[in-house]
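Here is what each chain is made of, one letter per residue.
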Amino acid sequence: MENDGSIAHLDKNDQITGTPQIVWETWDRPAINRGRTWYLVAFFLAGACIVYALLGGNYIFALIILMFGMLLILRGIYKPKRILTGITDQGIVVNETFYPYELFKWFSICYRPPETKKLYLTFTGRFTPQMSIDLEDIDPSLIREYLINNLLENSLETEESLTDLLTRVYKL
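Model, not experiment: these values are computed from the prediction.

### Quick look at the overall build of the protein
Across its full length, the protein holds five helices and eight strands. The helix and strand sequence of the protein, counted from the amino end, reads α-β-α-α-β-β-β-β-β-β-α-β-α. Against the compact-globule benchmark of 16 Å for 172 residues, the protein has a radius of gyration of 19 Å, which places it well outside the compact range. For the protein, the residues scored as buried account for 33% of the 172 residues in total. Each charge sign in the protein was given a centre, from 16 positive and 20 negative side chains, and these centres are 12 Å apart.

### Focus: helix 3 (residues 59-77)
The end-to-end C-alpha distance of helix 3 is 27 Å, a good match for the 27 Å that 19 residues give at a rise of 1.5 Å each. Turning to helix 3, its buried residues are A62, I65 and L72. For helix 3, the arc enclosing every buried residue in end-on projection is 85 degrees, short of the 170-degree limit, so these residues lie on one face. Seen from the buried face of helix 3, the exposed residues on the opposite side, beyond 90 degrees, are Y59, I60, M67, L71 and I77.

### Things to note about the packing of helix 2 (residues 36-55) against helix 3
Think of two packed helices as two axes; the pair is described by the angle between the axes and how far apart they sit. Where helix 2 meets helix 3, the closest approach of the two axes is 7 Å, and the angle between their N-to-C directions is 160 degrees. Viewed along their axes, helix 2 and helix 3 adopt a mutual orientation that is roughly antiparallel. Crossing hand, helix 2 versus helix 3: left-handed. For the pair formed by helix 2 and helix 3, the contact residues are W38, A46, C49, I50, A53 and L54 on the first element and Y59, F61, A62, I65, L66 and L72 on the second. Its residues assigned to classes, the contact of helix 2 with helix 3 comprises 12 nonpolar, no polar and no charged.

### Details of the nonpolar core
Core analysis: the biggest nonpolar cluster contains 21 residues, and I87, I92, L119, L121, I143 and L147 have the highest contact counts within it. Mapped onto this core, the elements with two or more residues apiece are strand 1 (20-27), strand 2 (82-88), strand 3 (91-94), strand 5 (104-112), strand 6 (116-123), strand 7 (131-134) and helix 4 (140-147). Those residues in contact with L147 that lie beyond four places of it in its chain are I87, I92, Y101, F107 and L119.

### So, the sheet that holds strand 2
With antiparallel pairing, four strands are arranged side by side in an open sheet as 1-2-3-4. Looking at which strands have only one partner, the edges of the open sheet turn out to be strand 1 and strand 4 (97-100). Between one strand and the next, the sheet's axes are offset by a mean angle of 15 degrees, whatever the strand orientation. Judged from the seven bridges that link them, strand 1 and strand 2 form a sheet pairing that is antiparallel.

### Regarding the sheet that holds strand 8 (residues 152-153)
Taken together, four strands build an open sheet; the order of strands is 7-6-5-8 and the sheet is mixed. Of all the strands in the sheet, the pair left with one neighbour each is strand 7 and strand 8. When strand 5 meets strand 8, the two strands line up parallel, connected through two bridges. Residue pairing in the sheet places W106 in a bridge with L152 of strand 8. Lying over the sheet, helix 4 contacts strand 5, strand 6 and strand 8, oriented at roughly 165 degrees with respect to strand 5.

### Description of the packing of aromatic side chains
This model, assessed by the stated rule, comprises four aromatic pairs. Look at W38 and Y39: their rings are 5.1 Å apart centre to centre, the planes differ by 85 degrees, and that puts the pair in the edge-to-face class. Residue class for Y39 comes out partly exposed when judged on its relative accessible area of 43%. Between Y99 and F123 the ring centres are 6.0 Å apart and the planes differ by 65 degrees, which places this aromatic pair in the edge-to-face class. One end of the pair, Y99, is in strand 4; the other, F123, is in strand 6, with 24 residues separating them in the sequence. According to the relative accessible area criterion, F123 is buried, its value standing at 11%.

Cut-off values and rules
Counting from 1, residues in each chain are numbered in the order their sequence is written. In view of the model being predicted, local features appear only for residues whose pLDDT reaches at least 70, and side-chain atom pairs are presented and counted only at 80 or more, with totals across whole chains, interfaces and linings using the full set of residues. Note that water and hydrogens are dropped before the side-chain values are worked out from all heavy atoms of the structure. Only DSSP runs of H or I with at least four residues qualify as helices, and only runs of E with at least two residues qualify as strands; both kinds are numbered from the N terminus onward. Two things to know: the radius of gyration comes from C-alpha atoms, and the globule rule equals 2.2 Å times the number of residues to the power 0.38. Exposure categories follow from relative accessible area, calculated using a 1.4 Å probe and restricted to protein chains: below 20% of the type maximum is buried, above 50% is exposed, and the middle band is partly exposed. For the purpose of charge, His is not counted, nor are the chain termini; Lys and Arg are scored as positive and Asp and Glu as negative. Here the site of a charge means atom NZ of a Lys, CZ of an Arg, CG of an Asp or CD of a Glu. Expected span of a helix: the number of residues minus one, times 1.5 Å. Regarding the arc, it is the one traced by the directions from the helix axis to the C-beta atoms. Angles here are taken between N-to-C directions and fall from 0 to 180 degrees, while the axes themselves are lines fitted to C-alpha atoms, restricted in helices to the stretch in contact. These descriptions rest on fixed angle ranges, namely under 35 degrees for roughly parallel, over 145 for roughly antiparallel, 65 to 115 for roughly perpendicular, and the rest for oblique. Crossing handedness is defined as follows: a turn of the near helix away from the far one that is anticlockwise and smaller than a right angle gives a left-handed crossing, while the clockwise case is right-handed. The contact criterion used throughout is that any non-hydrogen atoms of two residues lie within 4.5 Å. Note on residue categories: nonpolar means Ala, Val, Leu, Ile, Met, Phe, Trp, Tyr, Cys or Pro, charged means Asp, Glu, Lys or Arg, and polar means any other residue, Gly included. Definition of nonpolar core: a set of buried residues of the types Ala, Val, Leu, Ile, Met, Phe, Trp, Tyr and Cys, connected through side-chain atoms within 4.5 Å. Strands are treated as partners if at least two bridges between them are detected by DSSP. Whether two aromatic rings pair depends on their centres lying within 6.5 Å, for rings of Phe, Tyr and Trp, where Trp uses its six-membered ring; planes under 30 degrees apart make the pair stacked, over 60 edge-to-face, and the rest tilted.

Have a look at this one:
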């Protein structure tokens, strides 16, 4: 939805973030529903990997598997939250964190409803991961129409990122 005036600010300091142009609410991460079968298979695979690692004397691999399991458990405990996201005339705001346009190299939009509706923002830094933002019910052409005036569009990158695909398919 476009800014209807009901949102006076997105960040703690409007002088820094600029005037909101497009504002929407989205999840901070995808909500993943895992069934009992998923947990049984994951437990079996993790256990098998740990036994294999310990028998082979590869204790670091066993530790990595345990840490990955703990991350999945913690991710299941803490439920996703709704966050305010917006595009301003000076940058992007995600959950009250402002990112000026100068930080980004380009943007791309992957719109394949109902599975994928994402805005991808690629940072200029080499080792900074790509940011993905769920578009929810926002019209992607509205986002593109505004961002094209401020950022380059990578029209070749219209597919879902490998990380998002693996997260969605394997429910990680």
